[in-house]
Amino acid sequence: MDRLCLTNDSTCGALVVSGFAVLFNVGRKSLPLCAASGALALAVRDVVLQAGHRMDAASFVAALAVGFALQLVPSQATVSRGALDVPGCIPLIPGGFATKATLRLFALTAQGSDATSEVITAAI
Amino acid sequence: MHWVFIAHPNHWQGAAEVTRLCKIGPLGVNQRLHHGLSLLVMKIEGGELTISESSQELDQLLHLSKRHPDWFVAIAVGIACTAFGRVLDVDWRSVVPIFLAAGIGQMVRQQLGLHAVNLFMSVTLVALLGSVLSGLGARLVGSQTVAKDMVATVLLLVPGVPAFKAQPDMLDGRPALGSARAVWVAVMVVATAVGVWLGLILLQEGR
């Protein structure tokens, strides 16, 4: 197992989720929990990916892990599980992939190629 | 400006339903308000509050769930996009350009929203600005991953929450809402990609 990659991704996952949680107006007291859920999400996804599974399966298992872990958090008036699970799963949404895939499709169109489904798949 | 329909059973007067139509400002994700409203709705459903008490609680809730300061949000978004970039394997040199470009992009997005600029136009403009700024910055510091840096900068525009919520909506028996969210997400991604694409052309960066 690549521990350096795991450490990098889980740290970045914590930062990503904390940052976006501020954008989503999550309370400051809840930010450490958001960070923990992001770190857990990317750590689990990395472990499953390194075990040789596909990205979709890894993301599913990671989201499931976040959901289960949040059930352990006691429900308080200031922190809701709903405010934690959605930001926690944000790093699992393939936004970068979607943007890059759309850019590749633009590039195909710009080249004026006769894009068959195989060509589009290859471009993505 | 958006319109919202509010429909709820009128428990107090025993009538069927009250439906209201009112104007609201720009929509955004506000988890504190969402959580507070959920608790308030449960109280009202349980018959714990009168109409005037509900109204008071609602006013108090709006006061208590104010957004974080703009500068704090811009810094947080900058950190988030930079960290996302590291997950996408951008090099260490590009960390500062991505942070600055994403922070500036967030501030510009906020201003465009306040001036009621069309949302999709605003997203394209912010994606163009953010990607060009990060691309130029990344070139300046000698980054080897300029194209990736430009994509990482615009990840603040990816509508993660609606993308996440679209599927539960459909599974919960609200296919119209779920489909609307999914289509909205798709258009947002295309608007973002158009901005980055224009940025790549401007900087003549390999796609």
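Being a predicted model, the structure only gives us computed values, none of them experimental.

**Considerations on the overall build of chain A**
Okay, so step 1: Across its full length, chain A carries six helices and zero strands.
Okay, so step 2: When its helices and strands are written in sequence order, chain A yields α-α-α-α-α-α.
Okay, so step 3: Split into buried and exposed, the 124 residues of chain A put 49% on the buried side.
Okay, so step 4: Long-range contacts, defined here as pairs at least 24 residues apart, represent 59% of the contacts in chain A between residues at least 6 apart.
Okay, so step 5: As displayed, chain A offers around 6200 Å² of accessible surface, 66% of which is attributable to carbon and sulfur atoms.

**Remarks on the packing of helix α7 (residues 160-171) of chain B against helix α8 (residues 175-202) of chain B**
Residue and element names in this part refer to chain B.
Okay, so step 1: Two elements in contact, α7 and α8, have axes whose closest approach is 7 Å; the angle formed by their N-to-C orientations is 155°. Considering the angle they form, α7 stands roughly antiparallel to α8. α8 is crossed by α7, and the crossing has left-handed handedness. Listed contacts from α8 to P162, A163, K165, A166, D169 and M170 of α7 are P175, L177, G178, S179, R181, A182, W184 and V185.

**So, the nonpolar core**
Okay, so step 1: Counting 62 residues, the largest nonpolar core has F20, F24 and L103 of chain A together with L156, L157 and V196 of chain B as the members making the most contacts within it.
Okay, so step 2: The biggest single contributor to this core is helix α3 (residues 70-87) of chain B, with nine residues.
Okay, so step 3: In contact with L156 of chain B, not counting residues within four places along its chain, are F20 of chain A together with V77, C81, A102, Q106 and R109 of chain B.

**Notes on the environment of N30 of chain B**
Okay, so step 1: Mapped onto the elements, N30 of chain B comes out in the loop between β2 (17-24) and α1 (31-45).
Okay, so step 2: For the pair formed by N30 of chain B and E57 of chain B, sequence separation is 27 residues and the distance between their alpha carbons is 17 Å.
Okay, so step 3: In this structure N30 of chain B touches F24 and N25 of chain A together with S65 and R67 of chain B, once residues within four positions along its chain are discounted.
Okay, so step 4: Here the side chain of N30 of chain B touches N25 of chain A through a polar contact of 2.8 Å, side chain to side chain.
Okay, so step 5: Of the polar contacts made by the side chain of N30 of chain B, one reaches the backbone nitrogen of L33 of chain B; its length is 3.1 Å.

**Regarding the interface of chain A and chain B**
Interface size is often expressed as the accessible area that is lost when the parts come together.
Okay, so step 1: Taken together, the contacts link 40 residues of chain A with 40 residues of chain B.
Okay, so step 2: In this assembly, chain A packs against chain B so that about 3400 Å² is buried in total across both faces, 75% of it on carbon and sulfur atoms.
Okay, so step 3: Here chain A and chain B share zero salt bridges between them.
Okay, so step 4: Here chain A is connected to chain B by seven residue pairs in polar contact (both at pLDDT 80 or more).
Okay, so step 5: Secondary-structure elements contributing two or more residues to the side of chain A that touches chain B are α1 (3-23), α2 (31-50), α4 (81-89) and α5 (95-111) of chain A.
Okay, so step 6: For the side of chain A that touches chain B, a count of residues per class yields 23 nonpolar, twelve polar and five charged.

**Side note on a nonpolar patch on the surface**
Residues and elements named next belong to chain B.
Okay, so step 1: A contiguous nonpolar patch, built from V96, L100, I104, M107, L129 and L133 and spanning about 480 Å² of accessible area, is present on the exposed surface.
Okay, so step 2: With four residues, helix α4 (residues 95-114) is the largest single contributor of residues to the nonpolar patch.
Okay, so step 3: Position of M107 among the secondary structure elements: in helix α4.
Okay, so step 4: Since its relative accessible area comes to 42%, M107 is described here as partly exposed.

**Things to note about the packing of aromatic side chains**
Okay, so step 1: For the structure shown, the criterion picks out three aromatic pairs over all chains.
Okay, so step 2: Ring centres 6.3 Å apart and planes at 20° place the aromatic pair F20 of chain A and F24 of chain A in the stacked group.
Okay, so step 3: By relative accessible area, which is 4% here, F20 of chain A ends up buried.
Okay, so step 4: When the ring of F20 of chain A is compared with that of F84 of chain B, the centres are 6.3 Å apart and the planes differ by 65°; the resulting orientation is edge-to-face. Within this pair, whereas F20 of chain A is found in helix α1, its partner F84 of chain B is found in helix α3, the two belonging to separate chains.
Okay, so step 5: Linked through ring pairs, F20 and F24 of chain A together with F84 of chain B together constitute an aromatic cluster.
Okay, so step 6: Over the face of the ring belonging to F72 of chain B we find R28 of chain A, whose NZ or CZ atom lies 4.7 Å from the ring centre.
Okay, so step 7: A cation over a ring is seen here: R86 of chain B above W92 of chain B, with NZ or CZ 4.0 Å from the ring centre.

**Thoughts on α7 of chain B**
Okay, so step 1: Listed as buried for α7 of chain B are G160, V161, P162, A166 and D169 of chain B.
Okay, so step 2: One or two residues past the end of α7 of chain B sits G173 of chain B, with phi positive at roughly 90°.

Calculation rules
Residues numbered from 1 in each chain as written. Chains lettered and ligands numbered in written order. Predicted model: local features only at pLDDT ≥ 70, side-chain atom pairs only at ≥ 80, totals over all residues. Heavy atoms only, no water. Helix = DSSP H or I, 4+ residues; strand = E, 2+ residues; numbered from the N terminus. Buried < 20%, exposed > 50% of the residue type's maximum accessible area, 1.4 Å probe, protein only. Contact = heavy atoms within 4.5 Å. Areas by Shrake-Rupley, 256 points an atom, 1.4 Å probe, with all protein chains shown as cover. Axes fitted to C-alpha atoms, helices over the stretch in contact; angles between N-to-C directions. Parallel < 35°, antiparallel > 145°, perpendicular 65-115°, else oblique. Left-handed = near helix turned anticlockwise from the far one by under 90°. Core = buried A, V, L, I, M, F, W, Y, C linked by side-chain atoms within 4.5 Å. Polar contact = N/O pair within 3.5 Å; in protein donor to acceptor, adjacent residues only side chain to side chain. Buried area = accessible area lost by both parts, 1.4 Å probe. Salt bridge = Lys/Arg side-chain N within 4 Å of Asp/Glu carboxyl O. Nonpolar A, V, L, I, M, F, W, Y, C, P; charged D, E, K, R; others polar. Patch = residues over 30% accessible without salt bridge, like charges linked within 9 Å, V, L, I, M, F, W, Y side chains within 5 Å. Phe/Tyr/Trp six-rings, centres within 6.5 Å; stacked < 30°, edge-to-face > 60°. Lys NZ or Arg CZ within 6 Å of the ring centre and 35° of its normal.

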